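Residue-level structural notes
Here is how the chains run, residue by residue.
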Amino acid sequence: MRSNTFTYPSNNAEAMITQTQQTSVNYDAAEQQFIQLLDLEDLDNKLDANPEIAELFETALVSAIKDAYQAEAGDSLAHLFLQRVLYRINRLNLFWYDDLRHYTNERSAYLRSVRDRIEAPWQKWELAQIDVVALQQEDVKQGLLTRGERDLDPPLSEDSRYIRTEMSEAGYRRILAIGSFDGLVEGSRLSRILGGAANEMQATLMRVLIEEYGNGRLSRKHSTYFAQMLTEFGMHTEPEAYFDLVPWEVLASANHNFLVTERKIYFLRYNGGLTYFEVAGPAAYRNYLAAAQRLGLSQAAMGYWELHIREDERHGRWMLDDVAIPLADKYPQQAWELLLGYDQEKLMGDRAGVAIVRSARAAESSAQ
């Protein structure tokens, strides 16, 4: 009988770090080795018998964790490697209508150990950027309302002005490519928290999910509108088609959402984050809509933004009034976690937004 615990291959990984740092870590090769492990039948037993099959990946993993979360200035390549690996594990929680053999290791003890080894230092690093003590002392309800008013219609930032008034079609295409990473599977992670005892809060979350899924009609699902925008430009409409363009900051937001939906102890954090996402969404979508209109694009090339502006204004109100504030009443001792989730989602979303604009500017430079 197999043990319920898993000792991940260490071998010479720690010892090889000094040598690796003297040269450079080949994250691409390490990720390719990890991809092969993902589809390797009977992965855990084969690793027990032959740990060397993960040696390159293990060396890169140890080095990347150190360079991303322990160094004073985190290395961007290390961040990218770790978030890509973590996402490849997390995505196994969703079904992609692909070859069933891709899910052979969805309960692998080794993959779980890799996930945990990345998440622990990463989440500690993320939390260090938030004043948790101050959040614990706030009036939660007032804090939610104040944040909601602030983020519903914020002043234009420099990046927002760039999107609205300067960004070219090449930049717009890049934003669509990166946006498709989430836009083509929208609402999927929300579905992971909807089970359990029936109540008004659960019913509201279900209403949000149902609208994201077009009330059960594929033609009205939000992802269908996003696919139409991509089709207008002759771009790929398959989920994850532009995975290699996705910055680590965007992957981090996705992985964070996987974490707080899969672990029910973070239920309040998730709903705080979703409240921010729905409240602040229309402001971001108005920037993209303004860019599309300025570029003279067709209705099909901007319909997703218009849909979200209408629906997310409503969803933001629902999340504040019918989910977040009632949760604060139900869990008064832990209610501050709603603020933590809200502030983390904003921090990570702002960071991702900066990375997306940086990528759009790079796409414009390449097109010249």
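Since we're looking at a predicted model, the values are computed, not measured.

Now for the overall build of the protein chain. When helices and strands are tallied, the protein chain shows 16 helices and zero strands. Whereas a compact globule of 368 residues would reach a radius of gyration of roughly 21 Å, the protein chain reaches 21 Å, a difference of no more than 12%. The dimensions of the protein chain, computed from C-alpha atoms along their principal axes, are 55 × 55 × 40 Å. A burial count over the protein chain gives 52% of its 368 residues as buried. If you take every contact in the protein chain between residues at least 6 apart in sequence, the share linking residues at least 24 apart comes to 81%. Accessible surface for the protein chain amounts to roughly 17800 Å². Of this, 50% is attributable to carbon and sulfur atoms. In the protein chain, which carries 38 positive and 54 negative side-chain charges, the distance between the mean positions of the two groups comes to 3 Å.

Contact geometry for helix α6 (residues 109-127) and helix α16 (residues 336-367): axes closest at 11 Å, N-to-C directions at 95 degrees. On the basis of their axis angle, the class for α6 and α16 is roughly perpendicular. Across the interface between the two elements, Trp 122, Trp 125, Glu 126 and Leu 127 from α6 touch Leu 340, Gln 344, Met 348 and Arg 351 from α16.

Think of an α-helix as turning once every 3.6 residues; residues three or four places apart then point the same way. Along its 15 residues, helix α5 (residues 76-90) runs 21 Å from first to last C-alpha, staying within 8% of the 21 Å computed at 1.5 Å per residue. When α5 is considered as a whole, its buried residues turn out to be Ala 78, His 79, Phe 81, Leu 82, Gln 83, Arg 84, Val 85, Leu 86, Tyr 87, Arg 88, Ile 89 and Asn 90. In the core, the buried residues of α5 are packed alongside α2 (27-38), α4 (55-69), α6, α10 (169-183) and α13 (248-262). The opening residue of α5, the one whose side-chain oxygen lies 3.2 Å from the backbone nitrogen of Leu 77, is Asp 75.

Once that is clear, we can look at the environment of Tyr 304. Within the secondary structure layout, Tyr 304 lies in helix α15 (residues 303-330). The spacing of Tyr 304 and Met 229 is 75 residues in sequence and 7.4 Å in space, taken between C-alpha atoms.

Below, the discussion takes up the pattern of salt bridges. Applying the stated criterion to the full structure yields 21 salt bridges. The shortest N-O distance in the salt bridge between Arg 147 and Asp 343 comes to 2.8 Å. Residue Arg 147 is found in helix α8 (residues 140-152), and its partner Asp 343 is found in helix α16; the two are separated by 196 residues along the sequence. As far as the burial class goes, Arg 147 and Asp 343 line up, both buried. Glu 313 is the partner of Arg 286 in a salt bridge, and the nearest nitrogen-oxygen pair spans 3.2 Å. Of the two residues, Arg 286 sits in helix α14 (residues 267-294) while Glu 313 sits in helix α15, which places them 27 residues apart along the sequence. Bridged by salt links that share partners, the residues Glu 31, Arg 84, Arg 88 and Asp 244 form one connected network.

Turning to the nonpolar core, a few remarks are in order. By size, the foremost hydrophobic cluster in this structure holds 75 residues, and its most contacted members are Phe 81, Leu 82, Tyr 110, Tyr 172, Leu 176 and Trp 305. In this structure, Leu 135, Met 201, Ala 280 and Ala 328 belong to the second largest nonpolar core, which totals 34 residues.

Looking at the protein chain, pLDDT values average 92 and 93% of them are 70 or higher. Long-range and interchain partners of residues 1-8, a stretch whose pLDDT sits below 50, account for 14 contacts in this model, where long-range means more than four residues apart.

Structurally, the position occupied by Ser 253 is in helix α13. Look at Ser 253 and you get buried, because its relative accessible area is 17%. For the pair Ser 253 and Arg 351, spaced 98 residues apart in the sequence, the C-alpha separation amounts to 9.2 Å. Setting aside anything within four residues of it in sequence, one finds Ser 253 in contact with Met 348, Gly 349 and Ala 352.

Our next topic: unusual backbone geometry. For residues besides glycine, phi is generally negative; the peptide bonds are generally trans as well. The backbone phi angle of Asp 42 is positive, close to 60 degrees, even though this residue is not glycine. Here Asp 42 lies in the loop between α2 and α3 (43-49). We classify Asp 42 as partly exposed; its relative accessible area is 43%. Phi at Tyr 97 takes a positive value of approximately 55 degrees, unusual for a residue other than glycine. Mapped onto the fold, Tyr 97 is located in the loop between α5 and α6. When its relative accessible area of 74% is taken as the criterion, Tyr 97 is described as exposed.

This part takes up the side chain of Gln 344. Structurally, the position occupied by Gln 344 is in helix α16. Of the residues examined, Gln 344 reaches a relative accessible area of 1% and is grouped as buried. A polar contact is formed between the side chain of Gln 344 and the side chain of Arg 269, at a distance of 2.7 Å.

Next up on the list: the side chain of Ser 108. Mapped onto the elements, Ser 108 comes out in the loop between α5 and α6. Engagement of the side chain of Ser 108 in a polar contact is seen with the backbone nitrogen of Leu 111, the distance being 3.1 Å.

Conventions we followed
Residues numbered from 1 in each chain as written. Predicted model: local features only at pLDDT ≥ 70, side-chain atom pairs only at ≥ 80, totals over all residues. Heavy atoms only, no water. Helix = DSSP H or I, 4+ residues; strand = E, 2+ residues; numbered from the N terminus. Rg over C-alpha atoms; globule rule 2.2 N^0.38 Å. Buried < 20%, exposed > 50% of the residue type's maximum accessible area, 1.4 Å probe, protein only. Contact = heavy atoms within 4.5 Å. Areas by Shrake-Rupley, 256 points an atom, 1.4 Å probe, with all protein chains shown as cover. Lys, Arg positive; Asp, Glu negative; His and termini not counted. Charge placed at Lys NZ, Arg CZ, Asp CG, Glu CD. Axes fitted to C-alpha atoms, helices over the stretch in contact; angles between N-to-C directions. Parallel < 35°, antiparallel > 145°, perpendicular 65-115°, else oblique. Expected span 1.5 Å × (residues − 1). Polar contact = N/O pair within 3.5 Å; in protein donor to acceptor, adjacent residues only side chain to side chain. Salt bridge = Lys/Arg side-chain N within 4 Å of Asp/Glu carboxyl O. Core = buried A, V, L, I, M, F, W, Y, C linked by side-chain atoms within 4.5 Å. pLDDT = per-residue confidence, 0-100.

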